[in-house]
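Structural characterization, general
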Amino acid sequence: IPKYPFLHLVSLALVWISSQGSGLMLDSMCSDVCEYEEYLNGQRAEGMMSSFRTFTAKACNALCGVTTGLALKFCGYDPTKLEQGGLDVSVFLKLKALYIILPIVGSIGIIIIFCFYPLTKKRVQEIHEELEKRRAAAAAGVTPQ
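Before going into details, it helps to say that this report is about the structure given with it. Keep in mind the model is a prediction, meaning the values are calculated, not measured.

**Re the overall build of the chain**
Broken down by element type, the chain carries five helices and zero strands. For the chain, the sequential pattern of α-helices and β-strands runs α-α-α-α-α. For 145 residues, the compact-globule estimate of 2.2 N^0.38 gives 15 Å, and the chain exceeds it by more than 25% at 23 Å. Taken over the C-alpha atoms alone, the chain extends approximately 80 × 25 × 20 Å along its principal axes. A buried classification covers 12% of the 145 residues belonging to the chain. Residue pairs in contact within the chain that sit at least 24 positions apart in sequence constitute 59% of those at least 6 positions apart. Within the structure as shown, the chain displays about 11,200 Å² of accessible surface, and the carbon and sulfur contribution to it stands at 69%.

So this is what it looks like as structure tokens:
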């Protein structure tokens, strides 16, 4: 809205909050998954998990770049028209809709994915306690039963 240009900061703030929250969740989930891996087969895989997260982050950045170009094309943005006299109002309305809708859809999608995460707090605590028992038994030279 030209009259209130600062309103786009609200969208940016909401996206920032959700991205920071999901980042924190992913960090704690990665440690849970590493402990679960150790629980299942006795080996930890922090390096593999870290490399997978790094690859995924880079792939997401590339996908965002491609998606941005496709979104501009979909909305009818043409830089030559902009130089020649301006764009249609419909282009701006489509861009505004995408600017609002995509972050909301993304945040809702992340929340839904987090809801299907199978390791609950109780289950993670049980796994942690079992691993502590195994480590204590290994340090004492006793084979766990």
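**Things to note about the side chain of glutamate 35**
Tracing the backbone shows glutamate 35 in helix H1 (residues 8–41). Summary of buried charges: glutamate 35 has no salt-bridge partner, and the nearest side chain of opposite charge, arginine 44, is 4.6 Å away. With residues up to four places along the chain from it excluded, the contact list for glutamate 35 reads Arg44, Ile127, His128 and Leu131.

**A word on the side chain of aspartate 32**
Within the secondary structure, aspartate 32 is located in helix H1. Of the buried charged residues, aspartate 32 lacks a salt bridge, with arginine 44 as the closest side chain of opposite charge at 8.8 Å.

**Some details on the pattern of salt bridges**
One pass over the structure, following the stated rule, counts six salt bridges. Here glutamate 130 and arginine 134 are joined by a salt bridge, their closest N and O atoms 3.3 Å apart. Taken together, the positions of glutamate 130 and arginine 134, both in helix H5 (residues 121–140) and four residues apart, correspond to about one turn of that helix. Exposure remark for arginine 134: the relative accessible area of 28% places this residue in the partly exposed category.

**Looking at the layout of surface pockets**
Using a probe with the size of a water molecule, rolled over the atoms, empty space left in the structure can be pinpointed. Of the pockets and cavities examined, the largest pocket occupies roughly 1,200 Å³. Taken together, 30 residues line the largest pocket, and the ones lying closest to its centre are Cys60, Leu63, Cys64, Gly106 and Ile110. Residue assignment for the lining of the largest pocket shows that the elements contributing at least two residues are H1, helix H2 (46–75) and helix H4 (89–115). When residues in the lining of the largest pocket are grouped by element, the largest group, 13 residues, is from H2. Here the lining of the largest pocket is built from residues that sort into 19 nonpolar, ten polar and one charged.

Conventions we followed
- Residues numbered from 1 in each chain as written.
- Predicted model: local features only at pLDDT ≥ 70, side-chain atom pairs only at ≥ 80, totals over all residues.
- Heavy atoms only, no water.
- Helix = DSSP H or I, 4+ residues; strand = E, 2+ residues; numbered from the N terminus.
- Rg over C-alpha atoms; globule rule 2.2 N^0.38 Å.
- Buried < 20%, exposed > 50% of the residue type's maximum accessible area, 1.4 Å probe, protein only.
- Contact = heavy atoms within 4.5 Å.
- Areas by Shrake-Rupley, 256 points an atom, 1.4 Å probe, with all protein chains shown as cover.
- Lys, Arg positive; Asp, Glu negative; His and termini not counted.
- Salt bridge = Lys/Arg side-chain N within 4 Å of Asp/Glu carboxyl O.
- 1 Å grid on protein atoms, 1.4 Å probe; cavity = no way out; pocket = protein on both sides within 12 Å on 5 of 7 lines; lining within 4 Å.
- Points joined across faces, edges and corners; volume = space filled by probe spheres on them.
- Nonpolar A, V, L, I, M, F, W, Y, C, P; charged D, E, K, R; others polar.

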